[in-house]
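This is what each chain is made of:
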Amino acid sequence: MRSSFAALSIRPFAILWAGSLGSTTAFFMSTIVQAIVAFELTGKNGDVGLVLLGSGVASAVLGPVGGAIADRLSKKTINIVASIVSMLVFLVTAILIATDSLQLHHLVLGAFVNGASFAFVGPARQAWVVELVGVELRANAIALNQVALNAARVWAPAIAGGMVAVAFIGPAGAYFTMTALYLVALVSLAWLPPSRPSPTAQRHSVLGDMVAGVLYAWSQPRLRWMLVLFFLMILFGLSSTAVLPGLLENELNRDADSFGYLQAANAVGGLLASLAVASVAGSSRALTVYSVSGVLGGLALILVGVAPTFTIVLLPMFLFGVGFGAFQTLNNAVIVTESDPNYFGRITSLTFLAFAGFLVASYPVGLAADAIGERLTLVILGALTTATVLLIAPLIAR
């Protein structure tokens, strides 16, 4: 356990890590609440995917720009501005719900703005971590970032689901809570030292820096295949989010409000897995462990699709969390060890494109679920996830 949390001995990183818990908790609360609200507004899986599409389009378009900007400007300033933007989105959404004025296009627009904010803050925060810790703790620090994400995913669904279920709190109260959490995270950033730009940045235009980052990644075969594997895994695996509210209502005879329980089971598995593998993030075993974890996540997703009852589906959702939690933790850490720190903002932005990809794919996945059913859609996604790991992991090892 001491080796798993070694990077927290660096005080600035510990402050950034602790402050991030507030914003990541709010972020994962929003994924639950907006999915429930979108499905209850229209009763369609496609509309849940449409909200995710709004975030995905913004992340896909602005992700490479965010990576280039992270290497050129102060990462502290980027984090502060992006946090303010997200906080205002949650506040406006809360007011619209409280005044019974919310429409589906409001959710889509809010998701787009939050996706744009995420495109900048994600690469900047990850690259800032590299500055705050030494080379020997770099992989561990990135792994601990994933631990924080998975920890937030444990309690965020429970908080969000509980608030939505209580009549006098509801979705509006949940969004007001998200606003407050972002405010706490914003205050913690004031205690951190300023960051420095990469010496390789600003030699070209922003577009030139983006191209330089892509060319660097492409020139490293091992890094290139890691990025391809990560993109496809996130694309196939996490787009299942758009299908789960419909699976509950149409197949398992549960209200969409129970989506929070599925995500909580997923998150508990992810947290336990990320804690277990954080200590091996910088070792030669990382590649083997994260390949096995990816296969486990794909097989678990197939089981989610065939589970006959709500109680039974919680187990494969837990296993799905274990597989993807370990995979994401180790993949991010291994990519760090393979990358030149001067390009890390741009390399990180390429990994965040994977999340943009799954958000964009959520809309057609939701439409597919409306056409062929939630169960078959989940089985297909699980099979694609498993096949991706089995095909690409040997190329990385070779």
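Calculation rules
Residues numbered from 1 in each chain as written. Predicted model: local features only at pLDDT ≥ 70, side-chain atom pairs only at ≥ 80, totals over all residues. Heavy atoms only, no water. Helix = DSSP H or I, 4+ residues; strand = E, 2+ residues; numbered from the N terminus. Rg over C-alpha atoms; globule rule 2.2 N^0.38 Å. Contact = heavy atoms within 4.5 Å. Areas by Shrake-Rupley, 256 points an atom, 1.4 Å probe, with all protein chains shown as cover. Axes fitted to C-alpha atoms, helices over the stretch in contact; angles between N-to-C directions. Parallel < 35°, antiparallel > 145°, perpendicular 65-115°, else oblique. Left-handed = near helix turned anticlockwise from the far one by under 90°. Nonpolar A, V, L, I, M, F, W, Y, C, P; charged D, E, K, R; others polar. Patch = residues over 30% accessible without salt bridge, like charges linked within 9 Å, V, L, I, M, F, W, Y side chains within 5 Å. Salt bridge = Lys/Arg side-chain N within 4 Å of Asp/Glu carboxyl O. Polar contact = N/O pair within 3.5 Å; in protein donor to acceptor, adjacent residues only side chain to side chain. Expected span 1.5 Å × (residues − 1). Buried < 20%, exposed > 50% of the residue type's maximum accessible area, 1.4 Å probe, protein only. Phe/Tyr/Trp six-rings, centres within 6.5 Å; stacked < 30°, edge-to-face > 60°. Lys NZ or Arg CZ within 6 Å of the ring centre and 35° of its normal.

If you tally the helices and strands in the chain, you get 14 helices and 0 strands. Taken from N to C terminus, the helices and strands of the chain fall in the order α-α-α-α-α-α-α-α-α-α-α-α-α-α. Radius of gyration (C-alpha) of the chain: 20 Å, near the 21 Å computed for a compact globule of 398 residues. On the principal axes, the C-alpha backbone points of the chain span a range of 55 × 45 × 40 Å. Residue pairs at least 24 apart in sequence account for 87% of intrachain contacts in the chain once pairs closer than 6 positions are excluded. Carbon together with sulfur atoms contributes 70% to the accessible area of the chain, which is approximately 15,200 Å² in total.

Quick look at the packing of helix α1 (residues 11-42) against helix α6 (residues 170-189) now. Contact geometry of α1 with α6 gives a least axis separation of 8 Å together with a crossing angle of 160°. The pairing of α1 with α6 is recorded here as roughly antiparallel in orientation. Both α1 and α6 take part in a crossing whose hand is left-handed. Mapping the contact onto sequence places Ile15, Leu16, Gly19, Gly22, Ser23, Thr25, Ala26, Met29, Ser30, Val33, Gln34 and Val37 in α1 and Pro171, Ala174, Tyr175, Thr177, Met178, Leu181, Tyr182, Ala185, Ser188 and Leu189 in α6. In terms of residue class, the contact of α1 with α6 is made up of 14 nonpolar, 8 polar and no charged.

All right, on to a nonpolar patch on the surface then. A surface patch of nonpolar side chains, amounting to about 410 Å² of accessible area, comprises Val57, Val61, Leu109, Phe112 and Val360. Listing elements by their share of the nonpolar patch, those giving two or more residues are α2 (45-72) and α4 (104-132).

Two elements in contact, α1 and α4, have axes separated by 12 Å at closest approach and are oriented at 160°. Overall, the two elements α1 and α4 adopt an arrangement that is roughly antiparallel. Both α1 and α4 take part in a crossing whose hand is left-handed. In this structure, α1 contributes Pro12, Phe13, Leu16, Ser20, Ser23, Gln34, Val37, Ala38, Leu41 and Thr42 to the contact, and α4 contributes Leu104, Leu107, Ala111, Arg125, Trp128, Val129 and Leu132.

Mapped onto the secondary structure, Arg224 falls in helix α8 (residues 221-238). Only 2.5 Å separates the side chain of Arg224 from the backbone oxygen of Trp218, close enough to count as a polar contact. Those residues in contact with Arg224 that lie beyond four places of it in its chain are Ala217 and Trp218.

Glancing now at the side chain of Thr179. In this fold, Thr179 is placed in helix α6. Residue contacts for Thr179: discarding those within four places in its chain leaves Met87, Phe90 and Leu91.

Let us look at the environment of Ser219. Its location among the elements puts Ser219 in helix α7 (residues 206-219). Within the structure, the side chain of Ser219 is placed 2.6 Å from the backbone oxygen of Tyr216, a separation counted as a polar contact. For Ser219, the side chain forms a polar contact with the side chain of Gln220, separated by 3.2 Å.

Below, the discussion takes up α6. Taking 1.5 Å of rise per residue, the 20 residues of α6 would be expected to cover 28 Å, and the 30 Å separating its terminal C-alpha atoms lies within 8% of that figure. For α6, every residue scored as buried is listed here: Gly170, Ala172, Gly173, Ala174, Tyr175, Met178, Thr179, Tyr182, Ala185, Leu186, Ser188 and Leu189.

Once that is clear, we can look at the pattern of salt bridges. Pairs can form between side chains of opposite charge whenever their charged atoms are close. Taken as a whole and assessed by the stated rule, the structure comprises 1 salt bridge. Measuring nitrogen to oxygen at the nearest pair gives 3.3 Å for the salt bridge that ties Arg375 to Glu251. Of this pair, Arg375 sits in helix α14 (residues 374-397) while Glu251 sits in the loop between α9 (244-250) and α10 (259-277), and the two are 124 residues apart along the sequence.

Turning our attention to unusual backbone geometry. Within the chain, Asp100 stands out as a residue other than glycine whose phi angle is a positive 55°. Tracing the backbone shows Asp100 in the loop between α3 (75-98) and α4. By relative accessible area, Asp100 is classed as exposed at 73%. Non-glycine residue Asn253 carries a positive phi angle of around 55°. Tracing the backbone shows Asn253 in the loop between α9 and α10. Judged by relative accessible area, Asn253 falls into the exposed class, the value being 70%.

So, about the packing of aromatic side chains. Under the definition given, this model contains 6 aromatic pairs. An angle of 10° between the planes, with centres 5.8 Å apart, marks the rings of Phe27 and Phe118 as stacked. Placement of Phe27 in helix α1 and of Phe118 in helix α4 is noted, with a sequence separation of 91 residues between them. Phe118 sits in the partly exposed class, given a relative accessible area of 23%. An angle of 55° between the planes, with centres 6.5 Å apart, marks the rings of Phe324 and Phe327 as tilted. Residue Phe324 and its partner Phe327 are both found in helix α12 (residues 310-338); the two are separated by 3 residues, about one turn of the helix. Look at Phe324 and you get buried, because its relative accessible area is 3%. Residue class for Phe327 comes out buried when judged on its relative accessible area of 0%. Following the ring pairs from residue to residue traces out a cluster consisting of Phe230, Phe320, Phe324 and Phe327. Directly above the aromatic system of Trp218 lies the positively charged group of Arg224, at a separation of 4.5 Å from the ring centroid. Positioned over the ring face of Phe310 is Arg254, at 3.9 Å from the centre of the ring.

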